[in-house]
Amino acid sequence: MSNNNITPFRIEAAARWLAKTAYANRPKPVLPFLRDRFCLSPAEIVLAIRRANEQRRRQ
């Protein structure tokens, strides 16, 4: 994972997007989309997905 200070913000932004966007409305495949839109590495995408799942469970 990058040491860039912006990375946690990008992960959280991706997690919010995943949590709010219905599965049917997400571009397929979603991983390249997240990489391009939020400039995330594969490991960071996994963190964003986990955080989105946590956010959905809390709702």
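Residues numbered from 1 in each chain as written. Predicted model: local features only at pLDDT ≥ 70, side-chain atom pairs only at ≥ 80, totals over all residues. Heavy atoms only, no water.

Caption draft 1: Structural context of the pattern of salt bridges. For the structure shown, the criterion picks out 2 salt bridges. Across the pair Arg51 and Glu12 runs a salt bridge, and its minimum N-O distance is 2.6 Å. In this pair, Arg51 sits in helix H3 (residues 42–58) while Glu12 sits in helix H1 (residues 7–20), placing the two residues 39 residues apart along the sequence. Notably, a salt bridge pairs Arg35 with Asp36, separated by 3.6 Å at the nearest N-O pair. Residue Arg35 is classed as partly exposed on the basis of its relative accessible area of 43%. Taking the relative accessible area as the measure of exposure, Asp36 reaches 57% and is therefore exposed. (Salt bridge = Lys/Arg side-chain N within 4 Å of Asp/Glu carboxyl O. Helix = DSSP H or I, 4+ residues; strand = E, 2+ residues; numbered from the N terminus. Buried < 20%, exposed > 50% of the residue type's maximum accessible area, 1.4 Å probe, protein only.)

Caption draft 2: Structural detail: the environment of Leu40. Structurally, the position occupied by Leu40 is in the loop between helix H2 (30–38) and H3. Taking the C-alpha atoms as reference points, Leu40 and Thr7, separated by 33 residues in sequence, lie 7.7 Å from one another. Once residues lying within four places of it in the same chain are set aside, the contact partners of Leu40 are Arg10, Ile11, Ala14, Leu34, Arg35, Ile45 and Ala48. (Contact = heavy atoms within 4.5 Å.)

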